[in-house]
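Each chain, written out:
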Amino acid sequence: WRPTIAGSRCMAPGAQVDLISYLSGAGLAALVNFPLWKAAAIGQSGFTAQGPTFFARLKVLLGPPYKGVAATLFGMTWARAAIFYCADAGRDRMLALGASPAAATALPAVGISTLVQVVNQPIVRGTITIQDPSSRHAGLVAALRHIHATRGVSGLWHGTVPAVAKTVPKYVVAIWVKDAMQELLPKPTAPPGAPGHRSQVLQASAVKSIAAGVAGAALTNPLDVIRNEMFKTDEALGETTRRLLRREGASFLWRGMARNLVAVAAPIGMTIFLTDAIVDYRSSRGVASPAASASAATAPAASAAASAAAAA
């Protein structure tokens, strides 16, 4: 498969509009999926959701209080928007410079997802810590202060290695699947603005969004478990892994998998889908170019330009 060249989004005249679309899609997805993320964090960390009945425990998992919700939404929104925006822009720029499709897809995604995870790690560390139903921390700031007081500055980045190890493959796989599906799925037959165009774009986007989200989430579940256990116990990577193997055997590899598929696949897929929908809407109003989307269909002329560039 060969991704089409739609022009660099970071450098294009409409870059600001494009970024708004990415941020809007990521923000809406984070807001809708926060309760699912909370349930996955509790399940993978081994926190106890106490309650006398099944529905009482379900309320603990999915219901309020939503500790650290503002910080979590901020971290999720800027992180996913940055990853998809810069991965798409980097891919287009590398293709324009003559790089191979594989390198153009993988290298920007690896670089930006690594950077985002390292920068975001204290927020991730603190917000997961306070999801423990027994946590006495009132919010993110209190949790971070406690971590800093007891573990020092390095404690804020505890668990970064498994976090990067699971985040980078997750987004590289999701982006690769998204781009591959974009090439494989039929392009809209109705021109932009014509009846049926938007439904065709959104139907294709729904298929590739689901595929990308599920692929990324399933691959990295074991690393999610290890990272969350490290947050809970403050153990090192090797010590945590050995303890999990002694206590649970290989079963820890799929602990919380069902929740993770929902909590990770849903926001990734929804981010892609909502970005496509927002860009298509804005382009129909003359505000954004369809090329701004994380996976919007590209016109035949652009495909011909991509082939010519690859041949050169």
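Residues numbered from 1 in each chain as written. Predicted model: local features only at pLDDT ≥ 70, side-chain atom pairs only at ≥ 80, totals over all residues. Heavy atoms only, no water.

Draft legend 1. How the structure looks around the packing of aromatic side chains. Under the defined criterion, the tally for this structure stands at two aromatic pairs. Arranged with centres 5.1 Å apart and planes meeting at 90 degrees, the rings of Tyr22 and Tyr85 form a pair that is edge-to-face. You can see Tyr22 sitting in helix H1 (residues 15–45) and its partner Tyr85 sitting in helix H3 (residues 69–96), a full 63 residues away along the chain. Taken as a pair, Tyr22 and Tyr85 share a single burial class, namely buried. Aromatic pair Phe84 and Tyr171: ring centres 5.8 Å apart, planes at 75 degrees, arrangement edge-to-face. Note that Phe84 is positioned in helix H3 and Tyr171 in helix H7 (residues 160–184), a separation of 87 residues in sequence. On the basis of relative accessibility, which here comes to 2%, the residue Phe84 falls in the buried class. (Phe/Tyr/Trp six-rings, centres within 6.5 Å; stacked < 30°, edge-to-face > 60°. Helix = DSSP H or I, 4+ residues; strand = E, 2+ residues; numbered from the N terminus. Buried < 20%, exposed > 50% of the residue type's maximum accessible area, 1.4 Å probe, protein only.)

Draft legend 2. Fine view of the side chain of Ser209. The residue Ser209 is located in helix H8 (residues 197–233) in this model. The exposure class of Ser209 is buried, given its relative accessible area of 3%. In contact with Ser209, other than residues within four places in its own chain, are Gly269, Ile272 and Phe273. (Contact = heavy atoms within 4.5 Å.)

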